[in-house]
Amino acid sequence: MEAALPLTGLKVVELCSSFSGPLAAENLAMLGADVIKVEPPGGDVTRSWGPPLGINSAAGFETVNREKKSIVIDFNDAAQKQTLIELIQNADVLIQNLRPGLTEALALDGKTMCASNPRLVYCNVGAFGRKGPLRNRPGYDPLMQAFSGIMSVTGEESGNAARVGVPVIDFGTGLWTTIGVLSALFRRSLTGEGCVVDSCLFETGVHWMKYAISEYHAGGPMPGRMGTRGPAVAPNRAYNAADQGFMLCIGTDNQFKVLCEVIGQPELADNPAFAKNQARKKNEHELDRLLEAIFATDTRDHWLDKLEAAGLPHAPLLNISELLAHPQMQASGLLQHQQDSPIDLIGLPLVFNGQRPEYRRPPPHLNQHAHELMEGVQCGEQSIQNNNRNDK
Amino acid sequence: MFETLPLTGIKVVELGSSISGPSCTEALAFMGADVIKVEGPEGDATRAWGTKLDWNSAVGYECVNREKRSVTVDFGNAEQLEMLMHLIVSADVVLQNFRAGVVKKFGIDAEAVLKKNPQLIYCNVNAYGDGPMSSRPGYDPLMQAFSGIMSITGEAERSPSRVGVSLIDIGTGMWSTIGIIAALYRRHTTGKGGVVDTALLDTALNWMKLPITEYLASGYMPQRMGNRGPALVPNQGFETADGVLMVTAGTDGQFKNFCKALDRNEWSEDERFEKAQARNANADLLIVEIAEVMKTQPRAYWIEKFDALNIPNSPVQTIDEVVVHPQVVASQMIQSNESSPLKLVGLPIKFDGQRPGFMRRPPHLGEHNDEVFGQ
């Protein structure tokens, strides 16, 4: 599989910390690229996000730094900075998410680097982007969830705005960055020219809201918090059976007709108040009352078996330990093992010709690859000592 | 920007409906690919999702089908199926997100099509992927429930909540985009196409990477925390006199400035709060104290104070506030096209400083039948 990975042979330099940029570089690494993670002498801040793992790392770092090599570079040391410039001049891709203005101050910005290496795809992962009154602000996932309105549509109808429990902005920006870099590389394979790619947390936040924003522009109701209820189609929410809850999601009129049979009310499907999706959406509270009363009469397993047999979309509400124990999770092969890795990690949600890229290299110890990558180059004594695993 | 968009010249056939598949091909179209959307005679189900529009469309359809052409094909009609096969074989990329088994039934599955054109990239957008649930249909909210995302979203003492945006559907569209472009890039060197598989479940599990890693590392089960973020204190929303303001002042330096802004300098010398770990240990106490102060002044007062001291903060905005904010306007993420009645959100990527434009409005059903099939 390794030889067949799509980005084999590609050299990537990562000047990133936190989640957004490192996730993009990890995606490229999982797709076969050779990624060198450049860390400051203290290491990426995520090395202390979560309980310590005893290897100057924590779950926050391990989660987004597989398949990479690590070197430490002190930007204030002229010789080390020169080494970095040489690395960049030999690279295909650079991804940076340093604070606004820093790469310009260090003369490591896209314009300067592309001038000396015109094939370079240089990617800025920003916070608010390069325009607008907030362009110099730093960005954090929860703040962008608030700013973009995502929190205004998440949580219970009668409760407070809630944060999405997973980093939709940071990871989402990592995905858009990956998409931008790949498109630019594809273009380069035809023209020979690199370019500067810009992505940012804020724009990712706005993009997540595209449906809600379109509704707003169409003059529809202002989307609000709806608890477990989804927009656009009905019924589409969690219902309580006699014992536990489950999600039900009816997307088409035909599925609704089958549902009416499952619950023993076939005449409902011909009722003009419910027959078509737009009518069901309009009358969904009335429909909910009907369904709530019916589902409360029996157990979750009873209803899930019936829905399963009828081919209707449903799901139990699982927590993490229930999820990891589920046969479908185990069959997916997405949780991957590597003998030198202290914990199993989630792989790429992509399969090429039937095979998922393997887990090859665990997240690097800080400066683990200094000797391998900078043979003969001056490197801070301090940082070399941080290396506590033999070079591989 | 490039003289042309990065995927100019790439021909894509979309056999998709709903959100996941169409949002992938829309991203490819944004970046210059020529996307032909194939719909059944009655059209994509999203043409009836959300607020109804006058031209056999609805908001659900409009927001993921820009920059495409539409043709209708009746799969039960042999002649039309033959025309479709001809179209597919001449493409660079085919994407399908039908229910399991449908493409095979019509003889347009990856194996059949790649035999006729080995250079083709064929992307299957699956629901659960391989495994005991492989034949089940998948929907964004179901995957949010199944993957545990809902178990960690919402307020602590209340029920799990659904994430208010389609992070599974659009996320799967993004992973499909990544898989397709990576395969196109490889094809340039090897001359060979291939099959890309993505799945809603796999995307959901990828969103859960961090909590799953934490759980496997320490056995810690993340809980619902309302508007509170993990690891840092303060990192959450506080009620002001007129609305909620989110504050992330996690470093010791930021906390010191935060105390100054609240006129509570003594906190930053209090050993219970001075260092990040101490703030975590005494979070409940500290949060109550902060909440007391924050509610005494309006949101704008705190924003001005915090901005002056570089304390990261953001109002919890509603959509009507989002679309008119000067930063949103300056970003030009919300784009217009003279033939589109609706403004639509653009691609969150710029190439050489320019965002791909809004070139073609979402097509009416079958608008391009004649043009594509050359009647």
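Residue numbers here run from 1 along each chain, matching the order of that chain's written sequence. Throughout, the order in which chains and ligands are written sets their labels, letters from A for the former and numbers from 1 for the latter. Predicted model: local features are reported for residues with pLDDT of at least 70 only, side-chain atom pairs are reported and counted for 80 or more only, and whole-chain, interface and lining totals are derived from all residues. As a rule here, side-chain values cover all heavy atoms of the structure and leave hydrogens and water aside.

**Q** I would appreciate a short explanation of the pairing of strand β7 (residues 121–126) of chain B in the present structure.
**A** Side-chain positions along a regular strand alternate between the two faces of the sheet. All names here are of chain B. Among the six residues that make up β7, five are buried, leaving the element largely enclosed by the rest of the structure. Two strands pair under a simple rule: DSSP has to find at least two bridges between them. Every helix listed is a DSSP run of H or I at least four residues long, and every strand listed is a run of E at least two residues long, numbered separately from the N terminus. As judged from the four bridges shared by strand β6 (residues 93–96) and β7, these two strands associate in the parallel manner. The residue bridging glutamine 96 from the neighbouring strand is asparagine 124, located in β7. Relative accessible area decides the class of each residue, using a 1.4 Å probe on protein chains only: under 20% of the type maximum gives buried, over 50% gives exposed, and in between gives partly exposed.

**Q** Looking at this structure, how should I read helix α7 (residues 168–191) of chain A?
**A** Helices are assigned an expected span. That span is 1.5 Å times one less than the residue count. Given a rise of 1.5 Å per residue, 24 residues ought to cover 34 Å, and the 34 Å separating the end C-alpha atoms of α7(A) matches this to within 8%. α7(A) sits mainly inside the fold: 21 of its 24 residues count as buried.

**Q** In this structure, what is going on with empty space enclosed by the protein? I would like to understand it.
**A** Both site types are read off a 1 Å grid over the protein atoms alone. A 1.4 Å probe that fits but cannot get out defines a cavity, while an open set with protein on both sides within 12 Å along at least five of seven lines defines a pocket; lining residues have an atom within 4 Å of a point. Grid points are joined across faces, edges and corners, and a volume is the space filled by probe spheres set on the points. Taken as a whole, this structure holds three cavities of 30 Å³ or more when the rule is applied. Size it by volume and the largest cavity reaches roughly 50 Å³. Tallied by class, the residues present in the lining of the largest cavity amount to four nonpolar, two polar and one charged. Lining the second largest cavity are Trp176(A), His207(A), Lys210(A), Ser23(B), Glu26(B), Ala27(B), Phe30(B), Ile170(B), Gly173(B) and Met174(B). The set of elements that each furnish at least two residues to the lining of the second largest cavity consists of α1 (20–30) and α7 (167–190) of chain B. Under the convention adopted here, Pro, Cys and the residues Ala, Val, Leu, Ile, Met, Phe, Trp and Tyr are nonpolar, Asp, Glu, Lys and Arg are charged, and Gly plus all remaining residues are polar.

**Q** How do you make sense of the sheet that holds strand β1 (residues 11–15) of chain B when you look at a structure like this?
**A** The strands making up a sheet are joined through hydrogen bonds of the backbone, oriented either antiparallel or parallel. The strand order across the open sheet built from seven strands is β12(A)-β8(B)-β7(B)-β6(B)-β1(B)-β2(B)-β5(B), with neighbouring strands paired in mixed fashion. Looking at the sheet topology across the chains shown, the edges are occupied by β12 (351–352) of chain A together with β5 (68–72) of chain B. Examined bridge by bridge, β1(B) and strand β2 (residues 34–39) of chain B share four bridges and lie parallel to one another. Its bridge partner lying in β2(B), Glu14(B) is registered against Lys37(B). Relative to the sheet, α1(B) contacts β1, β2, β5, β6 and β7 of chain B, its axis offset from that of β1(B) by approximately 165 degrees. Packing against the sheet, α7(B) makes contact with β12 of chain A together with β6, β7 and β8 (194–199) of chain B, and its axis sits at approximately 160 degrees to β7(B). Any two residues having at least one pair of non-hydrogen atoms within 4.5 Å are treated as being in contact. What counts as an axis is a line fitted to C-alpha atoms, over the stretch in contact for a helix, and the angles between N-to-C directions run from 0 to 180 degrees.

**Q** Honestly, the sheet that holds strand β8 (residues 245–249) of chain A in this entry has me stumped. Any pointers?
**A** Residues and elements named next belong to chain A. Overall, antiparallel pairing links the three strands, which are arranged β7-β8-β9 in an open sheet. Bordering the open sheet on either side are β7 (236–240) and β9 (314–316), each of which pairs with just one other strand. The mean angle between the axes of side-by-side strands here comes to 25 degrees, regardless of whether they run parallel or antiparallel. Examined bridge by bridge, β7 and β8 share five bridges and lie antiparallel to one another. Note that in β8 the partner of tyrosine 239 across the bridge is phenylalanine 246. Running at roughly 25 degrees to β8, helix α13 (residues 300–309) makes contact with β8 and β9 of the sheet.

**Q** Looking at this structure, how should I read the packing of α7(A) against α7(B)?
**A** Between two packed helices, both the angle of their axes relative to each other and the distance between the axes serve to describe the pair. Close contact between α7(A) and α7(B) brings their axes to 9 Å; oriented N to C, the two are set at 25 degrees. One finds that α7(A) runs roughly parallel with respect to α7(B). In the packing of α7(A) onto α7(B), the handedness of the crossing is left-handed. Grouping the constituent residues of the contact of α7(A) with α7(B) by class yields 16 nonpolar, six polar and one charged. Any angle that is under 35 degrees is reported as roughly parallel, and any over 145 degrees as roughly antiparallel; angles of 65 to 115 degrees are reported as roughly perpendicular and all others as oblique. Helix crossings are classified by the rotation of the near helix relative to the far one: an anticlockwise turn of less than a right angle makes the crossing left-handed, while a clockwise turn makes it right-handed.

**Q** Would you take a moment to explain the pattern of salt bridges for this structure?
**A** Where charged atoms from two side chains of opposite charge approach closely, those side chains can pair. We define a salt bridge as a side-chain nitrogen of Lys or Arg found within 4 Å of a carboxyl oxygen belonging to Asp or Glu. Tallying each qualifying case throughout the model produces 38 salt bridges over all chains. In this structure, the salt-bridge partner of Arg355(B) is Glu203(A), at a minimum N-O distance of 2.8 Å. Residue Arg355(B) is found in the loop between β14 (350–351) and α16 (369–373), and its partner Glu203(A) is found in helix α8 (residues 201–208); the two belong to separate chains. In this structure, Lys281(A) engages Glu284(A) in a salt bridge whose closest nitrogen and oxygen atoms are separated by 3.0 Å. Here the residues in one salt-bridge network are Arg229(A), Arg237(A), Lys281(A), Glu284(A), Asp288(A) and Glu292(A), joined through shared partners.

Honestly, it's all geometry; don't read function into it.
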